[in-house]
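Listed here are the chains, written in short residue letters.
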Amino acid sequence: MIRVAVAGRGAIGSVVIRELEEGRVPGARLVATVDLGDSLAGAIEAADLVVECAGQRALAEIGPAVIDAGRDLLVVSIGAFTDDALLARLRRGPGRMHLTSGAVGGLDLLRAASLMGRLEKVLIVTTKKPATLGVPEASEPFEVMRGPAREIAAAFPRSTNVAAAVALAVGSFDAVEAVVVADPAATLTSHVIIASGPSGDYRFEIRNHPSPDNPASSRVVPYAVLSAIEELARCAST
């Protein structure tokens, strides 16, 4: 049984906390919850695994303390890794860092394809409602921003964790071109990923319902976190 602490009680964290409290994750037990500004020391001491559900700023603040204490850290706010120094810091140990798949699939295949050789093209197009992206309403879909995943993830920290996840899967933030589109008619959050390289050509399309509590995030994200916790608990028991 792994002991779990959850940092963040927002749209993602609240679901993760509820499911853990109700015993719906085999092999895992909730021992602490914290918010940004709370003392983290007690949660770290009580837990084997700290789950970050509190945003990029929180990850930068709490991540090093978790890793330095030799605890496992499960990261949701992958967009924070546009900061190369933070990524290197959390990979250093002695604790272990794990990433969630969040709102996107196909990352294992992209990771495998990139091992065969540099991918010639990696493009991700994310489409959301204008209000979710913080841009003015319009009558037609329009492109808000296009550039390397590093720039897009930094410009839209609440909406582009998927772009960051793709970049980490292929091993480069700068090799991935990201596009953000605002569509006033969008009812689902859309991510289209296109890649090509020595291993073949790939196209994935993911269309998620947004979270009712935070439209910038997808409803499935907390369940991706719970799936990752269950897998870590399974590995710990073997």
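Note: the structure precedes this text.
Since the structure is predicted, the reported quantities are computational estimates derived from the model, not experimental observations.

Caption draft 1: Representation of helix α4 (residues 84–91). Buried residues of α4: Leu-86, Leu-87 and Leu-90, and no others. One face of α4 carries all of its buried residues, which in axial projection span an arc of 100 degrees. Looking at the buried side of α4, the elements it contacts are α3 (56–68), β4 (72–75), β5 (97–99) and α8 (161–170). N-cap assignment for α4: the residue whose side-chain oxygen lies 3.0 Å from the backbone N of Ala-85 is Asp-83. The positive-phi residue at the C-terminal boundary of α4 is Gly-93, with phi of around 90 degrees.

Caption draft 2: The packing of helix α1 (residues 11–21) against helix α9 (residues 221–236), seen in detail. Look at α1 against α9: their axes get within 8 Å of each other, and the N-to-C directions meet at 45 degrees. Viewed along their axes, α1 and α9 adopt a mutual orientation that is oblique. In the crossing of α1 with α9, the sense of the turn from one axis to the other is right-handed. Only Val-221, Pro-222, Tyr-223, Val-225, Leu-226 and Ile-229 of α9 make contact with α1, whose side of the interface consists of Ile-12, Val-15, Val-16, Arg-18, Glu-19 and Leu-20. Split into classes, the residues belonging to the contact of α1 with α9 amount to ten nonpolar, no polar and two charged.

Calculation rules
Residues numbered from 1 in each chain as written. Predicted model: local features only at pLDDT ≥ 70, side-chain atom pairs only at ≥ 80, totals over all residues. Heavy atoms only, no water. Buried < 20%, exposed > 50% of the residue type's maximum accessible area, 1.4 Å probe, protein only. Helix = DSSP H or I, 4+ residues; strand = E, 2+ residues; numbered from the N terminus. Arc of directions from axis to C-beta. Contact = heavy atoms within 4.5 Å. Polar contact = N/O pair within 3.5 Å; in protein donor to acceptor, adjacent residues only side chain to side chain. Axes fitted to C-alpha atoms, helices over the stretch in contact; angles between N-to-C directions. Parallel < 35°, antiparallel > 145°, perpendicular 65-115°, else oblique. Left-handed = near helix turned anticlockwise from the far one by under 90°. Nonpolar A, V, L, I, M, F, W, Y, C, P; charged D, E, K, R; others polar.

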